[in-house]
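# Descriptive analysis of the structure
Okay, here's what each chain looks like letter by letter:
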Amino acid sequence: MIGVLGGGQLGRMLGLAGLRLGRRFCFLDPAPDAPAAAVGKHIVAPFDDRAALDELASLCDVVTFEFENVPAASARRLDPDVPVYPPPQALEAAQRRPEEKRWFEKLGIPTASFASATNSKELRNGLENVGLPAMVKAAVGGYDGKGQRIVRDAIAAGDVWATIGAEEVLIERLVEFERELSIIAVRSGRGKTAFYPLVENHHRDGILRMSVSPAADLSPELQAEAGEIAYALLEALDYVGVLAVELFQTSSGLLANEMAPRVHNSGHFSIDASCSSQFENHIRAISNLPLGSTEPVGRATMFNLISELPDIEALLRVEGLRVHLYDKQPRPGRKLGHVTLVDADDRSVDHVRRLLSEPMS
Ligand code: AMP
């Protein structure tokens, strides 16, 4: 029995992969309509509910999480009773942006220069040290581009503190990147590691819209550069499970943007286009089983279905298109599903773009 903190679509897809390996699931999530409830038992309670955490520990052989904003204290509380993977220290490292950047720095992983601030005076100093233009991000809780502002001049810096409304912010040099990439990596309980081919990611309004894997023009050198970054984190954090690292490709090499100590949206391609998906490999890793192959079976193009669902019947009519729906109510900015094409030609990709009203590349 695998316990999961969080019951969103990532939990649902973990469940779907784990059921095939004979695993059972128990999800802790405060939302009564959590998408993962369809694939396991569902404890409806806040993430810090003591009785619910005790119930989860008593029912499960291992606990994982599918959402990095679950309180690290909850993961720590479970830890003596039942193993928690990835280790809670990875959750803590990823939860606070300044802490995450310090891990990058400590491990010699290239990243945009940064400072942190807890008041407007520190913000001014930080902007001066980092240099303009800069990106100011809430230290905790931001995702999908929320809680972020670009600061281009000293005048605009004045109102940033009020508009971000966070107790602490990270100030980062704005990176002029060529493209955004991510690497999905996995480390087993036995210390074996495996890496998926780099993913090229396209965002709009701070939300991932499209991923392609393997990324176009992917050289072995670039793959190795990304693999070394992920490997350093996996080893330093004594990691077990899937780790995603978001990267900027620049003219002077890769810069790490952030890490996610969980299965990741940019790894959804792997369900349909890899020997073993990121979800299956996460389950294998935390269950102390051998890892599955991360080799591609084809080139994948994945689109997210965001805010509202397109004409599903029209999508289902597209030959070879794999449709994944999360059974979520539409809401602006909400991820409701995704679709994946494998080894498709440009015409098919453009056809799907039109059905999704996605701008042409
Ligand atoms: P994040 O929440 O850190 O993943 O940021 C969301 C998106 O904002 C990224 O995918 C980038 O497109 C952009 N972004 C974040 N940080 C920077 C930066 N330092 N320079 C340029 N763009 C950035």
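Above this note sits the structure.
Overview of the structure. Just so it is clear, the model here is predicted, and its values are computed rather than measured.

## A word on the overall build of the protein
Secondary structure summary: the protein contains 13 helices and 17 strands in total. The C-alpha atoms of the protein give 20 Å as radius of gyration, which agrees with the globular expectation for 361 residues (21 Å, within 12%). Seen through its C-alpha atoms, the protein measures out along the principal axes to roughly 55 × 55 × 40 Å. Here the protein, with 361 residues, has 55% of them falling under the buried criterion. Put simply, of all contacts in the protein between residues at least 6 apart along the chain, 61% involve residues at least 24 apart. Looking at the protein as shown, the accessible area adds up to about 15800 Å², and 48% of this sits on carbon and sulfur atoms. Across the protein, 38 positive and 49 negative side-chain charges occur, with their mean positions spaced 2 Å apart.

## Description of the site of the ligand
By nearness alone, 15 residues border the ligand, and Lys137, Gln148, Glu172, Val175 and Glu180 come closest of all. Arg97 is positioned such that a nitrogen or oxygen atom in its side chain is 3.0 Å from an oxygen atom of the ligand. Asn257 is positioned with one of its side-chain polar atoms (N or O) 3.2 Å from an oxygen atom of the ligand. Elements with a contribution of two residues or more to the shell around the ligand: strand S6 (134–138), strand S8 (169–173), strand S13 (241–250) and strand S14 (253–260).

## Notes on helix H1 (residues 9–20)
Between its first and last C-alpha atoms H1 spans 17 Å; for 12 residues at 1.5 Å apiece the expected length is 16 Å, and the two agree. Most of H1 sits out of view: 9 of its 12 residues are buried. Among the residues making up H1, those that are buried are Gln9, Leu10, Gly11, Arg12, Met13, Leu14, Gly15, Ala17 and Gly18. Looking at the buried side of H1, the elements it contacts are strand S2 (25–28), helix H10 (269–273), helix H11 (278–286), strand S16 (322–325) and strand S17 (335–342). Positive backbone phi, at 80°, marks Gly22, one or two positions downstream of H1.

## Some remarks on the sheet that holds strand S4 (residues 62–65)
Across the sheet, 4 strands lie side by side as S3-S2-S1-S4; this open sheet has parallel pairing. The sheet terminates laterally at strand S3 (41–43) and S4, the two strands that pair on one side only. Sheet twist, expressed as the mean angle between neighbouring strand axes with direction ignored, is 25°. Alignment of S2 against S3, held across 3 bridges, turns out to be parallel. If you follow Phe27 over to S3, its bridge partner there is His42. Where H11 meets the sheet, it contacts strand S1 (2–5), S2 and S4, and its direction lies at approximately 145° from that of S4.

## Some words on the environment of Ile2
Tracing the sequence through the fold places Ile2 in strand S1. In sequence terms Ile2 and Leu289 are 287 residues apart; their C-alpha atoms lie 14 Å from each other. When sequence neighbours within four positions are dropped, the list of residues in contact with Ile2 reads Arg23, Arg24, Phe25, Cys26, Cys60, Val62, Thr64, Ile283, Ile286 and Ser287.

## Digging into the sheet that holds S8
Strand order in the open sheet made by the 4 strands is S5-S8-S6-S7, with antiparallel pairing throughout. The sheet is open, and its two borders are formed by strand S5 (114–117) and strand S7 (148–151), each paired with just one other strand. Averaged over all neighbouring strand pairs, the angle between strand axes comes to 20°, with direction disregarded. Inspection of the sheet shows S5 paired to S8 by 4 bridges, in the antiparallel sense. Note that in S8 the partner of Phe114 across the bridge is Glu172. Lying over the sheet, helix H5 (residues 97–106) contacts S5, S6, S7 and S8, oriented at roughly 150° with respect to S5.

## Let's talk about the pattern of salt bridges
In the structure shown here, the tally under the stated rule is 19 salt bridges. Measuring nitrogen to oxygen at the nearest pair gives 2.3 Å for the salt bridge that ties Arg262 to Glu68. Placement of the pair is Arg262 in the loop between S14 and H10 and Glu68 in the loop between S4 and helix H3 (72–78), with a sequence separation of 194 residues. Judged by its relative accessible area of 14%, Arg262 falls in the buried class.

## Things to note about unusual backbone geometry
In this structure, Pro86 follows Tyr85 across a cis peptide bond, with omega equal to -5°. Locating Pro86 in the fold gives a position in the loop between H3 and helix H4 (88–95). Going from Ser213 to Pro214, the amide bond is cis rather than trans, its omega being -5°. As for its position among the elements, Pro214 is in the loop between strand S12 (207–213) and helix H9 (220–236). For Asp327, which is not glycine, the phi torsion reads 60° and is therefore positive.

## A few points about the packing of aromatic side chains
Enumeration over the complete set of coordinates arrives at 4 aromatic pairs. Ring centres of Phe25 and Phe27 lie 5.9 Å apart, and the angle between their planes is 10°; on these two criteria the pair is classed as stacked. Here Phe177 and Phe248 contribute two aromatic rings whose centre-to-centre distance is 4.8 Å and whose plane-to-plane angle is 5°, an arrangement assigned as stacked. Of this pair, Phe177 sits in the loop between S8 and strand S9 (179–187) while Phe248 sits in strand S13, and the two are 71 residues apart along the sequence. Overall, the relative accessible area of 10% leaves Phe248 in the buried class. Directly above the aromatic system of Trp103 lies the positively charged group of Lys106, at a separation of 4.1 Å from the ring centroid.

Cut-off values and rules
Residues numbered from 1 in each chain as written. Predicted model: local features only at pLDDT ≥ 70, side-chain atom pairs only at ≥ 80, totals over all residues. Heavy atoms only, no water. Helix = DSSP H or I, 4+ residues; strand = E, 2+ residues; numbered from the N terminus. Rg over C-alpha atoms; globule rule 2.2 N^0.38 Å. Buried < 20%, exposed > 50% of the residue type's maximum accessible area, 1.4 Å probe, protein only. Contact = heavy atoms within 4.5 Å. Areas by Shrake-Rupley, 256 points an atom, 1.4 Å probe, with all protein chains shown as cover. Lys, Arg positive; Asp, Glu negative; His and termini not counted. Charge placed at Lys NZ, Arg CZ, Asp CG, Glu CD. Near = heavy atom within 4 Å. Polar contact = N/O pair within 3.5 Å; in protein donor to acceptor, adjacent residues only side chain to side chain. Expected span 1.5 Å × (residues − 1). Pairing = 2+ DSSP bridges. Axes fitted to C-alpha atoms, helices over the stretch in contact; angles between N-to-C directions. Salt bridge = Lys/Arg side-chain N within 4 Å of Asp/Glu carboxyl O. Phe/Tyr/Trp six-rings, centres within 6.5 Å; stacked < 30°, edge-to-face > 60°. Lys NZ or Arg CZ within 6 Å of the ring centre and 35° of its normal.

Purely geometric stuff here, so don't read any function into it on its own.
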